[in-house]
Amino acid sequence: MKNLNIKKNLMTAISYLIPFVCCAGMLMVIGNISGGQGIKDFNGSMSVADVLFTLGGDGLGLLAVFISMFISYAIADRAGIVPGFLLGILCKEYGYGFLGGLFAGFMTGYLANYLKNAIRLPAWFEGIKPMLILPFLTTLIVALLMRYVVGIPIHALQDFIGYTLTSMQGGSIIVLGMVVGILSAVDYGGPINKVVFVFCLGLVSEGYTTPMNALISASMIAPLGLTICYFLSRLFKRDIFSDEEANALKSAFIMGCCQITEGSYPIILNDLIRITICTAIGAAVNGALVFYWDCTNPIVWGGFFTLPGQNHPGLWVAALLIGSLVFSIICLLLKRKPVTKENDDEQELNLSNVKISG
């Protein structure tokens, strides 16, 4: 069935995601370079750099909402927009992250599509179905599933990761570095990364900054590794990047240098399993080296902008480049070029048939 085409529906959502990620990410990068800080009190004083940094950061914080809404739209047309949007908000607020939004988008889209065809109403009552019944039922059912079924193992996993990291303190620093590196990177800024960040932040407050330093560089592995892989693919004449991916890399690299992974999402989602394997291995190598070389740094975020605070900036950069190179070599062997067909063109968002009655 056409609407069960997972790949096509995902690609439709990604086509909308690319300009959103690029715009929000570059706003945050420019704000960061200009010395901007996140705005908490909007009644206080703020600079243009603060506004740009906050706007970009808040925009990237809505990625779960964005991907959920447009996957749902790709599957169920406009019947999926409202439930996809609301379920994306649920994923954001409850900490399910980008991958949670991905999952919610498919659930809402397929359910909305099923209900659209399954519910039969009298002709005089049919007009209320797309306006109220479909979005309400879809949102209600999937929200309950996400909150009380899907959310339970997600939060259990978060608790388990926090316990594991705590229990590993005092053990092998190499193993701990590998674990911190992997968990910091494999969900690309999602809930697992947030658990590790909280763990590392607690250690920073105690004066132990190496774990946070490993998290910073591990978060940069995917965008930098993909960039290196692209140039290696050109060198060895391996056609594994589409034109769209090559264009996305331009902003993904710049954002990656500032520890913003989201610019790589359009490429990662084209080959999620293989690229995640590459990310895990590259981040493990990076984390192990950061711990082994005892690279400390009191700055908790910023990518290459943390260099002034590094005790061993050369070794920290070396760990990052070695991990990224490992990523790129494995990616060169595993990655496949996305296959596109003429009949799989991106859907156009058409709201011309939406009528608003007074």
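Parameters at a glance
Residues numbered from 1 in each chain as written. Predicted model: local features only at pLDDT ≥ 70, side-chain atom pairs only at ≥ 80, totals over all residues. Heavy atoms only, no water. Helix = DSSP H or I, 4+ residues; strand = E, 2+ residues; numbered from the N terminus. Salt bridge = Lys/Arg side-chain N within 4 Å of Asp/Glu carboxyl O. Buried < 20%, exposed > 50% of the residue type's maximum accessible area, 1.4 Å probe, protein only. Core = buried A, V, L, I, M, F, W, Y, C linked by side-chain atoms within 4.5 Å. Contact = heavy atoms within 4.5 Å. Axes fitted to C-alpha atoms, helices over the stretch in contact; angles between N-to-C directions. Parallel < 35°, antiparallel > 145°, perpendicular 65-115°, else oblique. Left-handed = near helix turned anticlockwise from the far one by under 90°. Nonpolar A, V, L, I, M, F, W, Y, C, P; charged D, E, K, R; others polar. Phe/Tyr/Trp six-rings, centres within 6.5 Å; stacked < 30°, edge-to-face > 60°. Lys NZ or Arg CZ within 6 Å of the ring centre and 35° of its normal. pLDDT = per-residue confidence, 0-100. Expected span 1.5 Å × (residues − 1). 1 Å grid on protein atoms, 1.4 Å probe; cavity = no way out; pocket = protein on both sides within 12 Å on 5 of 7 lines; lining within 4 Å. Points joined across faces, edges and corners; volume = space filled by probe spheres on them. Patch = residues over 30% accessible without salt bridge, like charges linked within 9 Å, V, L, I, M, F, W, Y side chains within 5 Å. Areas by Shrake-Rupley, 256 points an atom, 1.4 Å probe, with all protein chains shown as cover. Disulfide = S-S within 2.5 Å.

Description of unusual backbone geometry
Trans is the prevailing form of peptide bonds, just as negative phi is the prevailing case for residues other than glycine. Positive phi outside glycine occurs at Q259, with the angle close to 70°. Turning to its location among the elements, Q259 is positioned in the loop between α11 (243–257) and α12 (265–268). Backbone geometry at D294 places phi at a positive 55°, although glycine is not the residue there. Its location among the elements puts D294 in the loop between α13 (272–292) and α14 (313–334).

Details of the pattern of salt bridges
On inspection of all chains with the given rule, the structure shows four salt bridges. One salt bridge in this structure joins E245 and K335, with 3.0 Å as the shortest N-O distance. With E245 in helix α11 and K335 in the segment after α14, the pair connects residues that are 90 residues apart, well separated along the chain. Relative accessible area serves as the criterion here: at 2%, E245 is assigned to the buried category.

A look at the nonpolar core
Membership of the largest hydrophobic core comes to 77 residues, with the highest contact counts inside it found for L17, I71, L165, V180, V196, L226 and F241. Counting residues per element, this core draws most heavily on helix α1 (residues 6–33), which supplies nine residues. Excluding residues within four positions of it along the chain, F241 makes contact with L226, C229, Y230, S233, L249, I267, K335 and K337. A79, Y96, I119 and A143 belong to the second-largest nonpolar core, a separate cluster that totals 18 residues.

Here's the deal with the packing of helix α3 (residues 63–76) against helix α5 (residues 97–118)
At a minimum axis distance of 7 Å, the contact between α3 and α5 shows a crossing angle of 25°. Considered as vectors, α3 and α5 are oriented roughly parallel to each other. Considering how the two elements wind past one another, α3 and α5 form a crossing that is right-handed. Taken together, the residues that form the contact of α3 with α5 break down as twelve nonpolar, eight polar and one charged.

Looking at the packing of aromatic side chains
One pass over the structure, following the stated rule, counts ten aromatic pairs. Note on Y94 and Y96: the rings are 6.2 Å apart at their centroids and 25° apart in plane angle, and the pair reads as stacked. Ring pairing ties together the aromatic residues Y16, F20, F66, F70 and Y73, which thus form one cluster. We note R147 situated over the ring of Y148; from NZ or CZ to the ring centre the distance is 5.5 Å. K335 extends its terminal NZ or CZ atom over the ring of F241, reaching a point 4.6 Å from the ring centre.

Points about the confidence of the model for the chain
Detailed reading of the predicted coordinates is not advisable wherever pLDDT falls low. Averaged over every residue, the pLDDT of the chain is 84; the share at 70 or more is 92%. When mean pLDDT is compared element by element in the chain, α14 scores highest at 96, while helix α8 (residues 191–205) scores lowest at 78. Scored below 50 in pLDDT, residues 342–346 makes six contacts in the model with residues more than four places away or belonging to other chains. Every residue in residues 353–358 is under pLDDT 50, and counting partners more than four places away or in other chains gives three contacts.

Focus: helix α2 (residues 48–60)
Side chains of residues three or four places apart in an α-helix project in the same direction, reflecting 3.6 residues per turn. Here α2 spans 18 Å end to end across 13 residues, near enough to the 18 Å set by a 1.5 Å rise per residue. All of the buried residues in α2 are A49, D50, F53, T54, G56, G59 and L60. Turning to α2, the residues buried within the fold contact α1 and α3.

Digging into the layout of surface pockets
Gaps left between atoms are located by rolling a probe of water-molecule size over the structure's atoms. Considered as a void within the structure, the largest pocket measures approximately 1200 Å³ in volume. Taken together, 41 residues make up the lining of the largest pocket; nearest its centre are M28, G57, K194, E262 and W301. Among the secondary structure elements, those contributing two or more residues to the lining of the largest pocket are α1, α2, α3, α4 (81–93), α5 and α8. Counted by class, the lining of the largest pocket contains 19 nonpolar, 17 polar and five charged residues.

Regarding a nonpolar patch on the surface
Among the surface-exposed residues, W124, F125, I128, M131, L132, F136, L140, I141, L144, L145, Y148 and V149 lie close enough to one another that they form a single nonpolar patch of about 1200 Å² accessible area. Checked against the element boundaries, M131 lands in helix α6 (residues 128–168). With a relative accessible area of 45%, M131 lands in the partly exposed category.

Re the state of the cysteines
Counted by the stated rule, this structure contains zero disulfides. Free cysteine C278: the closest other cysteine sulfur is in C331, separated by 4.5 Å. By relative accessible area, which is 1% here, C278 ends up buried. According to the relative accessible area criterion, C331 is buried, its value standing at 1%.

So, the environment of I71
By the element assignment, I71 lies in helix α3. Of the residues examined, I71 reaches a relative accessible area of 0% and is grouped as buried. In sequence terms I71 and F103 are 32 residues apart; their C-alpha atoms lie 9.3 Å from each other. In this structure, I71 is in contact with L10, A13, L102, G105 and F106, ignoring residues within four places of it in sequence.

With respect to the packing of helix α7 (residues 173–185) against helix α9 (residues 210–218)
Contact geometry of α7 with α9 gives a least axis separation of 8 Å together with a crossing angle of 45°. When the axis of α7 is compared with that of α9, the two are oblique. Of the two elements, α7 crosses α9, and the hand of that crossing is right-handed. Contact with α7, carried on its side by V180, G181, S184 and A185, involves P211, A214, L215 and A218 of α9 and no other residues of that element. Grouping the amino acids of the contact of α7 with α9 by side-chain chemistry returns six nonpolar, two polar and no charged.

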